[in-house]
Amino acid sequence: MNRPVDMAASLDLGLAWHNRFASLGEAFYTLRAPTPLPSPHWVGTSPTVADLLGLDRAWLSSPAALDAFTGNLPIAGTQPLASVYSGHQFGQWAGQLGDGRAILLGEVDTPSGPQEVQLKGAGLTPYSRMGDGRAVLRSSIREFLCSEAMHALGIPTSRALCVTGSPAPVRREEIETAAVVTRVAPSFIRFGHFEHFSHHGLHGELRQLADFVIDRFYPACREAPGSPYAALLEAVSARTAEMVAQWQAVGFCHGVMNTDNMSILGLTIDYGPFQFLDAFNPGHICNHSDTGGRYAYNRQPNIAYWNLFALGQALLPLMDDQQQALDALEPYKALMPAALQRRMNAKLGLGRTEDGDAELTESLMKLMAADAVDFTIFWRRLSHAVAGPIDAVRDLFLQREAFDAWAQRWRERLQAEPGFDAAATQSRMLRTNPQVVLRNHLGEIAIQRAKQGDFSEVARLQNALEHPFEELPGQQDLAAFPPDWASQIEISCSS
Ligand code: AMP
Ligand code: MG
């Protein structure tokens, strides 16, 4: 079972596969079929991703689907490969990385555009370095649930079609079991792909990659005045700013914002030690391996800029001079805070931004940090309070008078909105501030059950996360304060 699957006998899914990444040529990847896993079983499936790809929902629970998405049965028309990239990890040049455990099957054209399909945890590739090419059940469940949760929150992200598990042992800090996530995105190209070719002086390939990305995903960059590559950098910066603003607004910490984990499409990818904030702590570090707090919650906007700078440096050989890159990066500095303020205003029920809003938000954040107020519960209760009593919000604070003073200012600001309507504002806020997010402890409970062979909690949590703004009957536990043990959960890069 430790040899790549034989591609000769293959299963036809009835999809039109294109292998456009493969068409880039051999400098970009190594062809490599998945390595089978013994006795696979289902862990979770996403019917909406099946719809996206044009797969029959019922077929997705079949034994053939189970084999295909574990990497045990080749899929007709695919051309499985592992791509090569490099990158900066924790601020240091890390050299060559690449798809060490993800195998790109190919690309499916869908009514929502092309979608690449990858099997993560599908076995060794030439880029596995010291790794085993595998992913464990725990981290695969987290990636699956978080992809679908982020999508439902309206945050750009890779999706997850399914997770399958196998009893095959995988060594981490202890012996765990293997799993495979089938993940889907228009492209999995990362900043690190550009860094790779730039670092090695392969400027022809660098240009080829940039042209590929522009032609397929950023066609407007061709029409932009000046260099299309500078325009690409600026467009990627704008998408990244919007993505990170959304992370901040929902209290999401990525945990490993290395340049190899940054999508050229501004999608959230590579879910590892991520976390949604429980108690608000601006300096919160979710990755146990991140001892210096490089990727702390409040550093994410600046780290994204640092990463964009690295992308800019990688693209320099395609530009006239350094100034072009610097000019392309400049707008991020204003876009990022503006995008964030717009998001925070929406959370506060404010339809537009005015002078003083930044201060209103800032003073709230200080109060929330001082009293370690639960981030998700605060916003949900505030949404209810806009058209009702504020006591439940006030109860979250120790400094009640300071909160009252803030709430007074908030109400005055709300009432100054043109045509302010409390009920309409409330319903907008309830569609902006989620009731349920994938808190660490919720994932942990589902994982513990899954390790016992019971996947019902994965499904229940998935269903709630797919409807994060709805108050689901009988599921109040998913919207409750975290238990004391939640703060003891340690999640590291090792997964
Ligand atoms: P990550 O921090 O998970 O995004 O991974 C960073 C790099 O390590 C990427 O090149 C991954 O493909 C590779 N990697 C992580 N875990 C493994 C593993 N178990 N086996 C092989 N490669 C891995
Ligand atoms: Mg990665």
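The structure contained in this document is the topic of the report that follows. (Residues numbered from 1 in each chain as written. Chains lettered and ligands numbered in written order. Predicted model: local features only at pLDDT ≥ 70, side-chain atom pairs only at ≥ 80, totals over all residues. Heavy atoms only, no water.)

Regarding the layout of surface pockets
Within this model, the largest pocket holds a volume of roughly 870 Å³. What lines the largest pocket is a set of 38 residues, among which Gln89, Arg101, Arg129, Cys493 and Ser495 lie closest to the centre. Of all the elements in the fold, those that place two or more residues in the lining of the largest pocket are α3 (137–152) and β11 (175–185). A per-element tally of the lining of the largest pocket places α3 first, with three residues. When its residues are assigned to classes, the lining of the largest pocket shows twelve nonpolar, 13 polar and 13 charged. Of the residues that make up the lining of the largest pocket, three or more belong to each of domain 1 (17–185) and domain 2 (191–342). Estimates place the volume of the second largest pocket at around 430 Å³. (1 Å grid on protein atoms, 1.4 Å probe; cavity = no way out; pocket = protein on both sides within 12 Å on 5 of 7 lines; lining within 4 Å. Points joined across faces, edges and corners; volume = space filled by probe spheres on them. Helix = DSSP H or I, 4+ residues; strand = E, 2+ residues; numbered from the N terminus. Nonpolar A, V, L, I, M, F, W, Y, C, P; charged D, E, K, R; others polar. Domains from an automatic or database assignment.)

Quick look at the pairing of strand β5 (residues 86–89)
The pairing of β5 with strand β6 (residues 92–96) spans three bridges and is antiparallel. Looking at the pairing, glutamine 89 lines up with glutamine 92 of β6. Where β5 folds back on β6, the antiparallel hairpin that results is connected by two residues, among which phenylalanine 90 adopts a positive phi of roughly 50°. (Pairing = 2+ DSSP bridges.)

So, the nonpolar core
It is characteristic of soluble globular proteins that their nonpolar side chains tend to be buried jointly. Within the largest apolar cluster, 90 residues are counted, with the highest numbers of intra-cluster contacts made by Phe194, Phe252, Ile264 and Phe276. Top element by residues in this core is helix α7 (residues 228–250). It accounts for twelve residues. Here this core spans two domains, since at least three of its residues come from each of domain 1 (17–185) and domain 2 (191–342). Excluding residues that lie within four positions of it along the chain, phenylalanine 194 makes contacts with Ile189, Leu206, Leu209, Ala210, Val213, Ile264, Leu311, Ala314 and Leu315. Counting residues in each nonpolar core, the second largest holds 32 residues, with Leu348, Leu360, Leu367 and Trp410 among its members. (Core = buried A, V, L, I, M, F, W, Y, C linked by side-chain atoms within 4.5 Å. Buried < 20%, exposed > 50% of the residue type's maximum accessible area, 1.4 Å probe, protein only. Contact = heavy atoms within 4.5 Å.)

With respect to a negative patch on the surface
A grouping of Glu234, Asp320, Asp321 and Asp327 is seen on the molecular surface, where their side chains present a negatively charged patch. Checked against the element boundaries, glutamate 234 lands in helix α7. For glutamate 234, a relative accessible area of 38% puts it in the partly exposed group. (Patch = residues over 30% accessible without salt bridge, like charges linked within 9 Å, V, L, I, M, F, W, Y side chains within 5 Å. Areas by Shrake-Rupley, 256 points an atom, 1.4 Å probe, with all protein chains shown as cover. Salt bridge = Lys/Arg side-chain N within 4 Å of Asp/Glu carboxyl O. Lys, Arg positive; Asp, Glu negative; His and termini not counted. Charge placed at Lys NZ, Arg CZ, Asp CG, Glu CD.)

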